[in-house]
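# A structural walkthrough
Below, each chain spelled out in residue letters.
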There are 6 protein chains.
Amino acid sequence: MSDKKTALVVSAHAADFVWRAGGAIALHQKRGWEVTIVCLSYGERGESAKLWKQQGCTLDAVKSARRAEAEAAAQALDAHDIRFFDIGDYPLEMDRAAKDRLVDLIREVQPSFMMSHSLYDPYNTDHMYATKVTMECRMIAQAWGHNPGQKVLGAPQLYLFEPHQTEQMGWKPDVFLDITEVWDRKRAAIECMQGQEHLWDFYTNVAENRGNHFRRNSGGQAGGRNARYAEGFQSVYPRTVDEL
Amino acid sequence: MSDKKTALVVSAHAADFVWRAGGAIALHQKRGWEVTIVCLSYGERGESAKLWKQQGCTLDAVKSARRAEAEAAAQALDAHDIRFFDIGDYPLEMDRAAKDRLVDLIREVQPSFMMSHSLYDPYNTDHMYATKVTMECRMIAQAWGHNPGQKVLGAPQLYLFEPHQTEQMGWKPDVFLDITEVWDRKRAAIECMQGQEHLWDFYTNVAENRGNHFRRNSGGQAGGRNARYAEGFQSVYPRTVDEL
Amino acid sequence: MSDKKTALVVSAHAADFVWRAGGAIALHQKRGWEVTIVCLSYGERGESAKLWKQQGCTLDAVKSARRAEAEAAAQALDAHDIRFFDIGDYPLEMDRAAKDRLVDLIREVQPSFMMSHSLYDPYNTDHMYATKVTMECRMIAQAWGHNPGQKVLGAPQLYLFEPHQTEQMGWKPDVFLDITEVWDRKRAAIECMQGQEHLWDFYTNVAENRGNHFRRNSGGQAGGRNARYAEGFQSVYPRTVDEL
Amino acid sequence: MSDKKTALVVSAHAADFVWRAGGAIALHQKRGWEVTIVCLSYGERGESAKLWKQQGCTLDAVKSARRAEAEAAAQALDAHDIRFFDIGDYPLEMDRAAKDRLVDLIREVQPSFMMSHSLYDPYNTDHMYATKVTMECRMIAQAWGHNPGQKVLGAPQLYLFEPHQTEQMGWKPDVFLDITEVWDRKRAAIECMQGQEHLWDFYTNVAENRGNHFRRNSGGQAGGRNARYAEGFQSVYPRTVDEL
Amino acid sequence: MSDKKTALVVSAHAADFVWRAGGAIALHQKRGWEVTIVCLSYGERGESAKLWKQQGCTLDAVKSARRAEAEAAAQALDAHDIRFFDIGDYPLEMDRAAKDRLVDLIREVQPSFMMSHSLYDPYNTDHMYATKVTMECRMIAQAWGHNPGQKVLGAPQLYLFEPHQTEQMGWKPDVFLDITEVWDRKRAAIECMQGQEHLWDFYTNVAENRGNHFRRNSGGQAGGRNARYAEGFQSVYPRTVDEL
Amino acid sequence: MSDKKTALVVSAHAADFVWRAGGAIALHQKRGWEVTIVCLSYGERGESAKLWKQQGCTLDAVKSARRAEAEAAAQALDAHDIRFFDIGDYPLEMDRAAKDRLVDLIREVQPSFMMSHSLYDPYNTDHMYATKVTMECRMIAQAWGHNPGQKVLGAPQLYLFEPHQTEQMGWKPDVFLDITEVWDRKRAAIECMQGQEHLWDFYTNVAENRGNHFRRNSGGQAGGRNARYAEGFQSVYPRTVDEL
């Protein structure tokens, strides 16, 4: 195991990590972390409308295309690793074996923090399901009696990244991350998502406006940092600190 | 103005800062901060039952006794400064002049963070009122058009410190501070509160159990920090960071 | 002071206590309690449309009519006492003197429980204001330093009685009271409210349906009590018991 | 009184109506409504930093500048009327006379719907105060006993327009309005706000992303309306309809 | 496929659609819609106490009786179609095949809106489970990759109809539908439910009181519509409109 | 079946009932009730770190040790009965057969009240899962059509006992039980949990501080009961009473 700090991003579908956590991935890589991404599914059924509208499209073709896009995006972000569990989507359903596989990955990575979707999403139940399972697997990974002998997990933060309609999902960010210095990487990763071009400008707008929120919360017109792009996250667990 | 980092603790009554933020005050002082405490009232009517049960007690005598206790406690915590606004309690009511006075103090201190009570408290409406006014005065202190020429306030965090019955107040801590190294100071400050001895062990228990929560959230049985005493706080505003 | 158990019902307008707590008043009176009602206003401006539609109506005439109705209703319920503070409505506003008057009444009655409106009411801000002030005055009445020498208040429960549109007010009952044996009294009190006849059947329906909820929660088809009429209340504070 | 449908927008400060409801104002005007705007203050102290940074700035000069901008913006939106109450900001405080003035305006306009700020805003307490008072004055305007003889108010919806950091304010839109056809007017109005140029692109991004939300909620990739700009609103009261 | 507008009502047990959405069904049919009802189970185990108390009762007999009642009620409401999935109740559990069946039905109906139960129900977990699955199946029905070639679903509203104890379920109606003109049909449908006669008057009271709420919210004493019966619904998704 | 009053405590893991409900168990036994405990799992994988750290530890050895501790604790509390379902933990998963087993037990015990975990627990998903299933099985046990002929369940309260970090779990107690007279029994039971000695003082502190809350809520300095130890519980369902 590397002695670098590590993080694990759990993405329900192949593209989610790009829109929602691409900046965090690129930034932490740049700071010397190793960030691993796991795509539970390719989003092959639910988030590939453009491909399915083509003549003669097959499930395998969609998966391949989505995987290629996700790998390219991960590379653009300089992510340490990307894994594909190919569990199927719409609906995403994880049996005991799939959960154990995620637990194994968590223990392998030993992340300082994890990331996943919002706790609620009435538009996309795969998203909230992914977080539910992530929370459950985090608990299992902490259990001394699960695969005794393996290194157990500590207590990593679980950050919930930004969903598509924040207010409908009851998602409230409590931390903004300045991603200005890696924005080019995130935009490049976004542009790897050929099947969802309608979202490119949407998430660019989000990044710009979160930059505004960063400036306001770091001091506003009386000294706020001039962040131009940011990402927001909601923490599930309290922090532990030595100084406020 | 000093070039040290500063903080401002807004206490509705003279003793609140001791139970709820004594550790944070002592710890930040020890780390080189300057922490100023403001007691909006002495808690002379509502939180001085022991004194009022004495024969011949007067309002002035209660105020003097409470002030002496609070000053002793501030000294035990090595607080940079303590101010008394003597606004009256039960109910605490602040007119425009009182608010302006608090705005002046905020601008004088230029705190990196502020502290006050929970947003809701059905047992003690002074507490939630103090926070309501603190939030309002923070806004005024940021306004360029209020007393033009004065240095305006940035965007300090507002931490809500721990109320007496957390669940009834809807208070949820999102950060735990390890106060082990200054616990002796906090306990000494607590013991300055002669009129409320029935709360000494209560808040010692709180500190011990928050220590347990600190350990759990910092890694638990797989590497958590061995904090023995802690304090919890709820943040009102999101943080802005460079790394998660 | 009587050695009977006592209760205090705080009604923003003259008729509120009838619709929302009439059963509780009559029932506790029947069980030997002394229940005092205080009407902070007559509801003369906001809840007397029928009177104002009459030619030549004056404020004093409305107040008189409303007072007469409220007194008749209180009598129908066999209430121990009814007080009128005549503070004015729409909006209801209480200054320090008005609050002190309510504190005095609370201390005079020394209630085992108090009742008032829901915490939120976007249709009728007088209602939530009355509860806000009641909560504040309960706190003041407990203070040893307020009018030293007077008997201080213990820790009575504050029940929030049923508002007109429960879901819009975020009101959730946690206790149902079987008022079957005093339903005739409540209906008689309701019929004293000549100015609001459009509400008679509404609150009869409410009482019947709360009776259904009582049956369901007391055992349903496997032994529930056959309550035909009930009232629901939301508790602000936790109960303290010797047995669950 | 005109027989056109009317609406009333209550803006705490002079610029709020532009960012948050400019599209709704322009669109309803275009559809034949008469929309009246009331600015409770000029935002002269709290939202005019750029002006205050100029040498020799005075309160009157700021007010004049802000008024001129707001009038220009109202004109750009083709608003029926704009009123300035000049109550003062940071903090906004309305006494009985100011409330009566707002009640008079509500009765004069007889709006089919009203608009104001979010219910909660820890950054800007003026905003939530404006809504609190609007709700109170809506109630008073409905009272038959307030200024008997005046035409009383019906039950207009109160829409809460979009705040600056939606998630921190607990604001959740339940209706999206397609403002594509009046976007040029809104952008023109935005550009009247010379003192807050840092917000122009922010609210353009908001309008574009709300357009995306409109498309998604009106059918998405299976037939959603191609709205390019939208505004979101949160309703306080339930709707009453003949068909779902 | 018909060119009429369509709706789909998802009922966990055979009788739910009657009490909770009977008015909406009859009214939309009368307005030219085609409303399809699906009963996921007959409520044969959990909501047929009266039948089970009879000597020699069998599961098949209960199902037949419940089906006959539901069909009669659907006919009384003039519903376009009623389907029975016979999945079993107490607990209701849907495997992948059952979900696919519901997805097929949703795509077949192509509803403009859907209806189901409240999001939470601590008394009847089948109810909230039905809504959870409905939300999931709505998502699958929208996926281009699910049974490619089938017509995909747009973005129909999901209305949550009224549960038995609204406040305990956290259900809050945001729209009231005037069902006065079809009340006779709803009452007739209600009377088809021979096994649950104890609920007839309960839901008649509900309809009357929701009528009162309709009147209040449509203008009250200053011009509200004289609805005598209404139903309330909670929307899951925001609306998209051209005018407020 | 005994004619004593009965209660059923559902514990996800073997030790939960001790920390969270030990006082309630001992007290009700002392008052003549019969309290049955069911441990769904032994907590063998997730809550037995101390044992797993020993050389050569096996799953069976851990289960045996945990069972022995739980039996000793139940005896210390004088519990009527303790059952072990041995379903496995981390994650706890109950299939139809396991649920039926719990339904059978509920019907056998016919409890006046039930107890289980908080509705939400992001640290330990087994806990919230246990409550979800308990709620579901309570419903099934009430169904006349489930195992016809068996005595059906009434409508027992479901109390949620205290979790480890109350605020993170959104748990709010609405009733405090004075356990002073059985504290020695609870402490003795706690000391049976050899594997979790780090929690002994934690839960002693909890009991003392809940004693303080009991005193405060039963009258405070104006006559509150001198409870030294207490337990808090959150009720899921409303109470039904004859007197407030």
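Anyway, here's the lowdown on the structure attached to this text.

Definitions and limits used
- All residue numbers refer to position in the chain's written sequence, counted from 1.
- Lettering of chains starts at A and numbering of ligands starts at 1, both following the order in which they are written.
- In keeping with the predicted nature of the model, local features appear solely for residues at pLDDT of at least 70, side-chain atom pairs appear and are counted solely at 80 or more, and the whole-chain, interface and lining totals rest on all residues.
- Side-chain metrics rest on all non-hydrogen atoms present in the structure, leaving aside hydrogens and water.
- A run of H or I in DSSP counts as a helix once it spans at least four residues, and a run of E counts as a strand once it spans at least two, with each numbered from the N terminus.
- Here the radius of gyration uses the C-alpha set of atoms, whereas the globule reference equals 2.2 Å times the residue count to the power 0.38.
- For every residue, the accessible area (1.4 Å probe, protein chains only) is compared with the maximum for its type, and the residue is labelled buried under 20%, exposed over 50%, or partly exposed between those bounds.
- Here, residues are in contact when the closest pair of their heavy atoms is within 4.5 Å.
- Reported accessibility uses the Shrake-Rupley method at a 1.4 Å probe radius. Residues are deemed covered only where the shown protein chains occlude them.
- The charged-residue count follows a simple rule in which Lys and Arg add positive charge and Asp and Glu add negative charge, with His and chain termini not counted at all.
- The atom standing in for a charge is NZ when the residue is Lys, CZ when it is Arg, CG when it is Asp and CD when it is Glu.
- Strands pair, by our definition, only if DSSP identifies at least two bridges between them.
- Think of each axis as a best-fit line through the C-alpha atoms, taken over the contacting stretch in the case of a helix, with angles from 0 to 180 degrees between the N-to-C directions.
- Each copy is superposed on the other by least squares, with the fit set by C-alpha atoms of residues at a pLDDT of at least 70 in both.
- By convention, the term buried area covers the 1.4 Å-probe accessible surface removed from two parts as they join, with the contributions of both added.
- By convention in these notes, a salt bridge is any Lys or Arg side-chain nitrogen within 4 Å of a carboxyl oxygen on Asp or Glu.
- Throughout this description, a polar contact denotes any pair of N or O atoms lying within 3.5 Å of each other; where both atoms belong to protein, one of them has to be capable of donating a hydrogen while the other can accept it, and for residues adjacent in sequence the pair is counted only when both atoms sit in side chains.
- For a crossover, the right-handed case is the one in which the path from the first strand over the helix to the second runs clockwise, viewed with the strands pointing away from the viewer.
- Disulfides are defined in this document as cysteine sulfur pairs within 2.5 Å.
- What a helix should span is 1.5 Å times the count of its residues minus one.
- Stacked, edge-to-face and tilted are the three classes for Phe, Tyr and Trp ring pairs, Trp counted by its six-membered ring, which pair at centre distances within 6.5 Å; planes under 30 degrees apart are stacked, over 60 edge-to-face, the rest tilted.
- Note that the term roughly parallel is reserved for angles under 35 degrees, roughly antiparallel for angles over 145, roughly perpendicular for angles of 65 to 115, and oblique for everything else.
- Any residue that is not Ala, Val, Leu, Ile, Met, Phe, Trp, Tyr, Cys, Pro, Asp, Glu, Lys or Arg is counted as polar, Gly included; the first ten are nonpolar and the last four charged.

## With respect to the overall build of chain A
- When its secondary structure is counted, chain A shows 7 helices and 8 strands.
- Scaling as 2.2 N^0.38, a compact globule of 244 residues should have a C-alpha radius of gyration of about 18 Å, and chain A matches this with 18 Å.
- On the principal axes, the C-alpha backbone points of chain A span a range of 55 × 50 × 35 Å.
- Across the 244 residues of chain A, 66% fall into the buried class.
- Here the analysis covers contacts within chain A between residues at least 6 apart in sequence; of these, 76% occur between residues at least 24 apart.
- Accessible area for chain A stands at about 8,000 Å²; split by element, carbon and sulfur atoms hold 44% of it.
- If you average the places of the 29 positive and of the 33 negative side-chain charges in chain A, the two averages end up 3 Å apart.

## Considering the sheet that holds strand 7 (residues 230–235) of chain E
- The 8 strands lie next to each other as 8(D)-6(E)-7(E)-5(E)-4(E)-1(E)-2(E)-3(E), forming an open sheet whose pairing is mixed. Taken across any chain shown, the strands that pair with only one partner, and hence form the sheet edges, are strand 8 (239–241) of chain D together with strand 3 (81–84) of chain E. Direction aside, the axes of adjacent strands within the sheet are offset by 25° on average.
- Bridge analysis of strand 2 (residues 34–39) of chain E against strand 3 of chain E gives 4 bridges, and the strand direction is parallel. When the bridges of strand 3 of chain E are listed, cysteine 39 of chain E appears paired with phenylalanine 84 of chain E.
- The strands touched by helix 1 (residues 16–30) of chain E within the sheet are strand 1 (6–11), strand 2, strand 3, strand 4 (113–116), strand 6 (175–178) and strand 7 of chain E, with strand 7 of chain E carrying the most contacts at an inclination of about 100°.

## Describing the relation of the copies chain B and chain A
- Least-squares fitting of chain B to chain A yields an RMSD of 0.0 Å, with the superposition described by an axial translation of 0.0 Å and a rotation of 180°. This pairing of chains is accounted for by a two-fold axis. Ranked by how close their C-alpha atoms come to the rotation axis, the residues of chain B are headed by aspartate 174 of chain B, at 4.8 Å.
- Interface overlap between copies: 100% of the residues of chain B at the interface are likewise at the interface in chain A, consistent with a symmetric, same-surface contact.

## A short note on the interface of chain F and chain E
- Contacts between the two partners involve 16 residues from chain F and, on the opposite side, 18 residues from chain E.
- Between chain F and chain E, the buried area comes to about 1,500 Å², and carbon and sulfur atoms account for 63% of it.
- Between glutamate 93 of chain E and lysine 99 of chain F there is a salt bridge; the shortest N-O distance is 3.6 Å.
- Our count for the contact surface shared by chain F and chain E stands at 4 residue pairs in polar contact (both at pLDDT 80 or more).
- Sorting the residues of the side of chain F that touches chain E by element identifies helix 4 (96–109) and helix 5 (125–141) of chain F as the ones contributing at least two each.

## Remarks on the pairing of strand 1 (residues 6–11) of chain D
All names here are of chain D.
- Across the 6 residues that make up strand 1, a large majority, 6, are buried.
- By the alternation rule, side chains of strand 1 split into Thr6, Leu8 and Val10 and Ala7, Val9 and Ser11, which are all buried.
- You can see the chain leave strand 1, run along helix 1 (residues 16–30) and come back into strand 2 (residues 34–39), and the turn it takes is right-handed.
- Bridge analysis of strand 1 against strand 4 (residues 113–116) gives 3 bridges, and the strand direction is parallel. Paired with valine 9 across the two strands is methionine 115, which belongs to strand 4.

## Description of the side chain of arginine 210 of chain D
- Among the structural elements, arginine 210 of chain D can be located in helix 7 (residues 200–217).
- Polar side-chain contacts of arginine 210 of chain D include one of 3.2 Å to the side chain of histidine 213 of chain D.
- Non-local contacts of arginine 210 of chain D, meaning those with residues more than four positions away in its chain, are made with Glu167 of chain A together with Glu162, Thr166, Trp171, Pro173, Phe176, Ala230 and Glu231 of chain D.

## With respect to the state of the cysteines
Residue and element names in this part refer to chain E.
- The tally for this structure, following the rule as stated, stands at 0 disulfides over all chains.
- Sulfur of cysteine 192: no disulfide; nearest cysteine sulfur belongs to cysteine 39 and is 13 Å away.
- Cysteine 192 gets classed as buried once you look at its relative accessible area, which sits at 19%.

## Some words on the arrangement of the chains
- The smallest C-alpha distance separating chain A from chain C is 18 Å, and no contact links them.
- Chain F makes no contact with chain D, the minimum C-alpha separation between the two being 18 Å.

## Structural notes on the relation of the copies chain F and chain E
- Rotating chain F by 120° and moving it 0.0 Å along the rotation axis overlays it on chain E with an RMSD of 0.0 Å. Overall, the copies show the geometry of a three-fold rotation axis.

## Points about the sheet that holds strand 5 (residues 157–160) of chain A
- What the 8 strands build is an open sheet, ordered 3(A)-2(A)-1(A)-4(A)-5(A)-7(A)-6(A)-8(B); its pairing is mixed. On the outer flanks of this sheet lie strand 3 (81–84) of chain A together with strand 8 (239–241) of chain B, each paired with one strand and no other. Averaged over all pairs of adjacent strands, the angle between their axes in this sheet comes to 25°, without regard to strand direction.
- In the packing of helix 7 (residues 200–217) of chain A onto the sheet, contacts are made with strand 6 (175–178) and strand 7 (230–235) of chain A together with strand 8 of chain B, and the angle to strand 6 of chain A comes to roughly 110°.

## Some thoughts on the interface of chain B and chain A
- Counting from both sides, the interface comprises 37 residues of chain B and, opposite them, 37 residues of chain A.
- Taking both sides of the interface into account, the surface hidden between chain B and chain A amounts to around 3,100 Å²; carbon and sulfur atoms contribute 54%.
- Among the residues chain B hides against chain A, the three largest losses belong to Arg239, Asp242 and Leu244 of chain B. Together they make up 25% of the total.
- Counting across the chain B and chain A interface gives 4 salt bridges.
- In this structure, the connection of chain B to chain A is made through 16 residue pairs in polar contact (both at pLDDT 80 or more).

## A few points about the pairing of strand 5 (residues 157–160) of chain D
All names here are of chain D.
- Neither face of strand 5 is exposed, since Gln157 and Tyr159 on one face and Leu158 and Leu160 on the opposite face are all buried.
- Following the backbone out of strand 4, through helix 5 (residues 125–141) and into the adjacent parallel strand 5, one traces a crossover that is right-handed.
- Pairing of strand 5 with strand 7 (residues 230–235) involves 2 bridges; the strand directions are antiparallel. Within strand 7, the position partnered with tyrosine 159 by the bridge is serine 235.

## Looking at helix 4 (residues 96–109) of chain C
All names here are of chain C.
- With 14 residues, helix 4 should reach 20 Å at 1.5 Å per residue; the first-to-last C-alpha distance of 20 Å fits that figure.
- Along helix 4, the positions that sit buried rather than exposed are Ala98, Lys99, Leu102, Val103, Leu105, Ile106, Arg107 and Val109.
- Packing partners of the buried residues in helix 4 comprise strand 1 (6–11), strand 2 (34–39), strand 3 (81–84), strand 4 (113–116) and helix 5 (125–142).
- Downstream of helix 4 by a residue or two, glutamine 110 has a phi angle that is positive, lying close to 50°.

## Points about the environment of isoleucine 25 of chain D
Residues and elements named next belong to chain D.
- Along the chain, isoleucine 25 turns up in helix 1.
- Taking the C-alpha atoms as reference, isoleucine 25 lies 6.5 Å from leucine 77; in sequence the two are 52 residues apart.
- When near neighbours in sequence (up to four residues on either side) are disregarded, isoleucine 25 contacts Val9, Phe17, Val35, Ile37, Leu77 and Ala79.

## Focus: the packing of aromatic side chains
- What the rule picks out here adds up to 48 aromatic pairs over all chains.
- Consider the rings of tryptophan 33 of chain B and phenylalanine 113 of chain B, whose centres lie 5.2 Å apart with planes at 50°: the pair is tilted. Of this pair, tryptophan 33 of chain B sits in the loop between helix 1 (16–30) and strand 2 (34–39) while phenylalanine 113 of chain B sits in strand 4 (residues 113–116); the two residues are 80 residues apart in sequence, bridging distant segments of the chain. Each of the two residues, tryptophan 33 of chain B as well as phenylalanine 113 of chain B, counts as buried.
- Ring centres 5.4 Å apart and planes at 25° place the aromatic pair tyrosine 42 of chain F and phenylalanine 84 of chain F in the stacked group. Taken together, the residues tyrosine 42 of chain F in the loop between strand 2 (34–39) and helix 2 (49–52) and phenylalanine 84 of chain F in strand 3 (residues 81–84) connect sequence positions 42 residues apart.
- The exposure class of tyrosine 42 of chain F is buried, given its relative accessible area of 6%.

## Quick notes on the environment of methionine 128 of chain F
- In this fold, methionine 128 of chain F is placed in helix 5.
- Once the C-alpha coordinates of methionine 128 of chain F and histidine 117 of chain F are considered, the two residues, 11 residues apart in sequence, prove to be 6.2 Å apart.
- Look past the residues within four positions of methionine 128 of chain F in its chain and what remains in contact with it is Met135 of chain A together with Ser118, Leu119, Tyr120 and Asp121 of chain F.

## Remarks on the pattern of salt bridges
Residue and element names in this part refer to chain D.
- What the rule picks out here adds up to 113 salt bridges over all chains.
- The salt bridge involving aspartate 86 is made with lysine 63; its shortest N-O contact spans 3.0 Å. Separated by 23 residues along the polypeptide, aspartate 86 in the loop between strand 3 (81–84) and helix 4 (96–109) and lysine 63 in helix 3 (residues 59–76) bring together distant segments of the chain.
- Residue classification places aspartate 86 among the partly exposed positions, given a relative accessible area of 35%.
- Overall, the relative accessible area of 18% leaves lysine 63 in the buried class.

## What about the packing of helix 5 (residues 125–141) of chain E against helix 5 of chain F?
- Relative to each other, helix 5 of chain E and helix 5 of chain F sit at 120°, their axes nearing to 9 Å. With respect to helix 5 of chain F, the element helix 5 of chain E is oriented oblique. Taking contact as the criterion, the partners of Thr125, Asp126 and Met128 of chain E in helix 5 of chain E are, on helix 5 of chain F, Met135, Glu136 and Met139 of chain F.
- A per-class count over the contact of helix 5 of chain E with helix 5 of chain F returns 3 nonpolar, 1 polar and 2 charged.

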